[in-house]
Amino acid sequence: MNPVNYLYLAALLFTIGAAGVVIRRNAIVLFMCVELMLNACNLAFVTFSRLHGNLDGQIIAFFTMVVAAAEVVVGLAIIVTIFRSRHSASVDDASLMKL
Amino acid sequence: MENLIGLLVAVPLLGAALLLCGGRRLDGKGHYIGTVLAAASFAIGAVLFADMLGRGEHDRALHSKVFSWIPVGGFRADVAFQLDQLSMTFVLLITGVGTLIHIYSIGYMEHDERRRRFFGYLNLFLAAMLLLVLADNYLLLYVGWEGVGLASYLLIGFWQHKPSAATAAKKAFIVNRVGDVGLSIAIMLMFTTFGTFAFAPVLSNAGDAGEGKVTAIGLMLLLAACGKSAQVPLQSWLGDAMEGPTPVSALIHAATMVTAGVYLITRSGAIFNAAPDAQAAVVAVGAVTLLFGAIVGCAKDDIKKALAGSTMSQIGYMILAAGLGPIGYVFAIMHLVTHGFFKAGLFLGAGSVMHAMNDEVDMRKYGGLRKYMPVTFVTFGLGYLAIIGFPGLSGFWSKDKIIEAAFAKGGTEGWILGGAALLGAAITAYYMTRVMLLTFFGEKRWVPDEEGHEPHPHESPSSMTIPMIVLAVGSVFAGGLFSLNDAFLKWLEPVTGHSHGDSPLSAAAVTGGTMVVLLIGVALAWAQYGRRPVPRTAPRGSLLTRAARRDLLQDDFNHVALVKPGQYLTRGLVYVDHKLVDGVVNGTAASVGGLSGRLRKLQNGYARTYAVSMFGGTAVLIAATLLMRAV
């Protein structure tokens, strides 16, 4: 199969994730959308690696996974804390930083 | 001997420092400290005088350099003193009259709780005035010049709780500033012209500097003299300065400080000799002021203001004489010294009368005081005879010489100046007779003061009468002593030079003329104030009288010519400042504020909005990168 198709898939996944981040209000769903965007990037990296015949993209994909795992730990902790104090996981409710 | 000169200034300066910084613990003895130090300064002056007399006519001047003040490259200013015959005359006058007035003030200021401070200011004045006359360069003279201005300000406003006194002090200071600017410009011109401002090189080179420059320097010096000596057009402060305590009026505003202008012009004689135009201006100022002051003196009912008008007029005589050049310098200084005696005596007498009359100053409420205050009457009377030029007394010798010198100027100018001086002598006789008659003769016109106390005139304590007696003795004999064998002329001639001029009238004719106008003046005053009772409230009077009561409209003139335009100017500037300058500043601030208010709305706190802007930004960046690559 033509590897370029994987790139189309990656773009599609990224767009879905980005749309979810912009549209959805639930923090957990937002988080999942962010993960979707990260993994779309990973897919793109791996595909490029394959296309160019070197391993750089694959190594970066591993880095991305490690960073994403760390981000999930911190992000979920924040979401849980917000949920405890506000009894809601809606990001729109946490808009009090504006003037 | 040279070292004593510095001490002359240092002693009263020490007194001022002690009294002004010493605090309340000196309250009880401050006046003694001040008086003793003033007397010590006089004693040093007397020692130096005796020493000077012991030396030959041409090596009498002493010079003493204390330290280099500002040595910067080619610019040199030294604190150095020069004591020649001219300075010596002033030193003796300042410390002598100063000491007497210190003694007088012990009695006069007895009930004032700030007496220590008063004596501190008096000592400060003595130090500054001595610095002024002892300086050997114009810059140091300027320090003394400002110093006496400061002391004058502090003393005029000594009773600062009275708004009138505070205002008068400010007025004196501000008017004096105008003159001071003249002096500072003159000093700058001297520096650019001669490269120095020490007396000796400036004065010896004045003839070669080009007439234009010397005339400019001369006119600026004249402006300075006008400010300090209350000459037209900067005369308006002197009348108000009478708000100060009377000893201050006697010392500063009659005998010494106001004569500093005469000193300045006489000291700078070489400059004026080289600039005939500046000299003509000096003469004109003197002649105008001697009539101006005399006319004002005729109309004032306030005894001190009448005497202030008289001071202005007498200094007009001195300035006139100084403007005549070598014909007049010696007589200007001679009149200055005799005037120092009799005018200080008259002011102290006026103070004694006020002391006795519950501080009433209106002469129309005096009358008949000769029986109650015999010592004051006699001393004031002798001062009166001296100032009008009664034959044999001080004023006769000195004023007569000035009138003679004015005629000796020659030509039409000489006749005009001599005529003005003669007319001034007649008016002097008139207004002084008026003061004398209103105060000491006629019936009692006393009225109770605001609290209902009837005045009980009494002779003043001996601390006040003794200085008056000493000054009266000076008023009687000083002029004759000076004229004996032309002693004063021979004394000062090595410093100021002298020429006889070419008088169209003989000396006897001038003396005769002076006697005639004197009698006319006295007779007129007698007809008006001696022969018939004096009303307690002043009659309306003629147009001239009313104008003279308002100081010949000097304040109105200043108000219209200077104050009003100044106010319009400041108002205009304030308008421009508010509308234009503030408008730009405030407009900028308001538009930035408005813009940021709009921009703020972008920050709505919703995470998705930020996310969209991030996506948008990234998309733009990528598009831009691709575009660049395509190009």
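Residues numbered from 1 in each chain as written. Chains lettered and ligands numbered in written order. Predicted model: local features only at pLDDT ≥ 70, side-chain atom pairs only at ≥ 80, totals over all residues. Heavy atoms only, no water.

Going by an unreviewed UniProt entry, chain B carries the name NADH-quinone oxidoreductase subunit L and comes from Streptomyces antioxidans.

Filter applied, for reference: UniProt positions are given in the numbering used here, feature names are shortened, and annotations may be inferred rather than shown by experiment.
Going by the annotation in an unreviewed UniProt entry, the name recorded for chain A is NADH-quinone oxidoreductase subunit K, with Streptomyces rhizosphaericus given as the source organism. Check the Sequence similarities (unreviewed entry) section of the UniProt entry for chain A; it says "Belongs to the complex I subunit 4L family."

## Examining the overall build of chain B
To keep it simple, the criterion reads: Think of it this way: any DSSP run of H or I at least four residues long counts as a helix, any run of E at least two long counts as a strand, and we number them from the N terminus. Categorising residues by exposure relies on relative accessible area from a 1.4 Å probe, with only protein chains included: less than 20% of the type maximum marks a residue as buried, more than 50% marks it as exposed, and the intermediate range marks it as partly exposed. We call two residues in contact when some of their heavy atoms are within 4.5 Å. Only the protein chains shown count as cover for residues, and all accessible areas are computed by the Shrake-Rupley method using a 1.4 Å probe.
A tally of regular secondary structure across chain B gives 24 helices and two strands. Referenced to the eigenvectors of the C-alpha coordinate spread, the extents of chain B come out at roughly 120 × 65 × 55 Å. Within chain B, the fraction of its 631 residues that count as buried is 52%. Long-range contacts, defined here as pairs at least 24 residues apart, represent 80% of the contacts in chain B between residues at least 6 apart. On chain B, roughly 25,900 Å² of surface is accessible, and the fraction owed to carbon and sulfur atoms is 67%.

## A word on the pattern of salt bridges
Put simply, the test is: Criterion for a salt bridge: a side-chain nitrogen of Lys or Arg within 4 Å of a carboxyl oxygen of Asp or Glu.
Applying the stated criterion across every chain yields a total of 17 salt bridges over all chains. Here arginine 434 of chain B ties to aspartate 301 of chain B by a salt bridge, and the two come within 2.7 Å at their closest N and O atoms. Of the two residues, arginine 434 of chain B sits in helix 18 (residues 411-440) while aspartate 301 of chain B sits in the loop between helix 13 (276-299) and helix 14 (303-323), which places them 133 residues apart along the sequence. Here arginine 434 of chain B matches aspartate 301 of chain B in class, with each residue buried. Across the pair lysine 365 of chain B and aspartate 362 of chain B runs a salt bridge whose closest N-O atoms are separated by 3.8 Å. Aspartate 362 of chain B sits in the buried class, given a relative accessible area of 18%. Through salt bridges with shared partners, one network takes in Arg25 and Asp92 of chain A together with Arg608 of chain B.

## With respect to the packing of helix 5 (residues 138-156) of chain B against helix 6 (residues 163-194) of chain B
Residue and element names in this part refer to chain B. Rules: Note on method: axes are straight lines fitted to C-alpha atoms, helices fitted across the in-contact stretch only, with angles between N-to-C directions ranging 0 to 180 degrees. Angular relationships are summarised with four words: roughly parallel below 35 degrees, roughly antiparallel beyond 145, roughly perpendicular across 65 to 115, and oblique for the angles in between. For this classification, Asp, Glu, Lys and Arg are treated as charged, while Ala, Val, Leu, Ile, Met, Phe, Trp, Tyr, Cys and Pro are nonpolar and the rest, including Gly, are polar.
One way to put it is that helix 5 packs onto helix 6 with a least axis distance of 9 Å and a crossing angle of 175 degrees. Compared by their axis directions, helix 5 and helix 6 come out roughly antiparallel. Of the residues in helix 6, those in contact with Tyr138, Leu139, Leu141, Tyr142, Trp145, Glu146, Gly149, Leu150, Tyr153 and Ile156 of helix 5 are Ala165, Ala168, Ala169, Lys170, Ala172, Phe173, Arg177, Asp180, Leu183, Ser184, Ile187 and Met190. Class assignment of the residues belonging to the contact of helix 5 with helix 6 gives a composition of 16 nonpolar, two polar and four charged.

## Brief notes about unusual backbone geometry
All names here are of chain B. For the bond running from valine 232 to proline 233, omega is 10 degrees, close enough to zero to count as cis. Turning to its location among the elements, proline 233 is positioned in the loop between helix 8 (211-228) and helix 9 (237-240). Of note in this structure, aspartate 359 is not a glycine but carries a positive phi near 60 degrees. Examined against the element boundaries, aspartate 359 turns out to sit in the loop between helix 15 (329-356) and helix 16 (374-388). The class for aspartate 359 is exposed, based on a relative accessible area of 54%. Backbone geometry at leucine 552 places phi at a positive 50 degrees, although glycine is not the residue there. With respect to the secondary-structure elements, leucine 552 resides in the loop between helix 22 (543-549) and helix 23 (554-600). On the basis of relative accessibility, which here comes to 23%, the residue leucine 552 falls in the partly exposed class.

## Regarding the interface of chain B and chain A
In plain terms, the rule: Values labelled buried area give the accessible surface lost by two parts on being combined, using a 1.4 Å probe and summing over both.
Contacts between the two partners involve nine residues from chain B, matched on the other side by ten residues from chain A. For the pair chain B and chain A, the two sides together bury roughly 860 Å², of which 69% comes from carbon and sulfur. Per-residue buried area on chain B facing chain A is highest for Tyr606, Arg608 and Phe615 of chain B; these three make up 53% of the total on that side. On the surface where chain B and chain A come into contact, there are one salt bridge. The closest approach of N and O atoms between aspartate 92 of chain A and arginine 608 of chain B, which form a salt bridge, is 2.4 Å.

## Observations regarding the domain arrangement of chain B
How big an interface is tends to be reported as the loss of accessible area on association of its parts. To be explicit about the condition: Boundaries of every domain are those given by an automatic assignment or by a domain database.
Per the domain assignment, the segments making up chain B are domain 1 (301-539) and domain 2 (559-630). Between the C-alpha centres of domain 1 of chain B and domain 2 of chain B the distance comes to 74 Å.

## Notes on the packing of helix 11 (residues 260-267) of chain B against helix 14 of chain B
Residues and elements named next belong to chain B. Between helix 11 and helix 14, the shortest axis-to-axis distance is 10 Å and the interhelical angle comes to 5 degrees. Relative to helix 14, helix 11 is oriented roughly parallel. Residues Gly261, Val262, Ile265 and Thr266 of helix 11 pack against Ile315, Met318, Ile319 and Ala322 of helix 14. Considering only residue class, the contact of helix 11 with helix 14 consists of six nonpolar, two polar and no charged.

## Some thoughts on empty space enclosed by the protein
All names here are of chain B. Put simply, the test is: Here a cavity denotes grid points, spaced 1 Å and computed from the protein atoms alone, that fit a 1.4 Å probe unable to get out, and a pocket denotes an open set having protein on both sides within 12 Å along at least 5 of 7 lines; residues with an atom within 4 Å of a point are the lining. Grid points are joined across faces, edges and corners, and a volume is the space filled by probe spheres set on the points.
Counted according to the given criterion, the structure contains two cavities of 30 Å³ or more. There is about 50 Å³ of room inside the largest cavity. At the level of secondary structure, the elements contributing two or more residues to the lining of the largest cavity comprise helix 5 and helix 6. Looking at side-chain class alone, the lining of the largest cavity contains four nonpolar, three polar and three charged residues. By volume, the second largest cavity is sized at about 40 Å³. Along the walls of the second largest cavity sit Gly239, Val296, Lys300, Lys305, Ala308, Gly309, Met312 and Asp551, which together make up its complete lining. A total of four residues in the lining of the second largest cavity trace back to one element, the largest contributor, which is helix 14. Partitioned by chemical class, the residues of the lining of the second largest cavity number three nonpolar, two polar and three charged.

## Observations concerning the packing of aromatic side chains
Residue and element names in this part refer to chain B. Short version of the rule: For Phe, Tyr and Trp, rings pair up if their centres lie within 6.5 Å, where Trp contributes its six-membered ring, and each pair is then called stacked (planes under 30 degrees apart), edge-to-face (over 60) or tilted (otherwise).
In total, this model carries 18 aromatic pairs over all chains according to the counting rule given. For the pair phenylalanine 377 and phenylalanine 440, a centre-to-centre distance of 5.4 Å together with 55 degrees between the ring planes defines the contact as tilted. In this pair, phenylalanine 377 is assigned in helix 16 and phenylalanine 440 in helix 18, connecting sequence segments 63 residues apart. We classify phenylalanine 440 as buried; its relative accessible area is 0%. Where phenylalanine 482 meets phenylalanine 488, the ring centres are 4.7 Å apart and the plane angle is 35 degrees; that geometry is what we call tilted. Residue phenylalanine 488 is classed as buried on the basis of its relative accessible area, which comes to 4%.

## A short note on the UniProt feature "transmembrane region" (unreviewed entry) in chain A
In the UniProt entry, the feature "transmembrane region" (unreviewed entry) is given for residues 6-23, 28-48 and 60-83 of chain A. For residues 6-23 of chain A, helix accounts for 100% and strand for 0%, while the C-alpha atoms at its two ends are 25 Å apart.

## Topic: the UniProt feature "domain: NADH-Ubiquinone oxidoreductase (complex I) chain 5 N-terminal" (unreviewed entry) in chain B
The residues that UniProt annotates with the feature "domain: NADH-Ubiquinone oxidoreductase (complex I) chain 5 N-terminal" (unreviewed entry) are residues 69-119 of chain B. The span residues 69-119 of chain B is 57% helix and 25% strand, and its two end C-alpha atoms sit 29 Å from each other.

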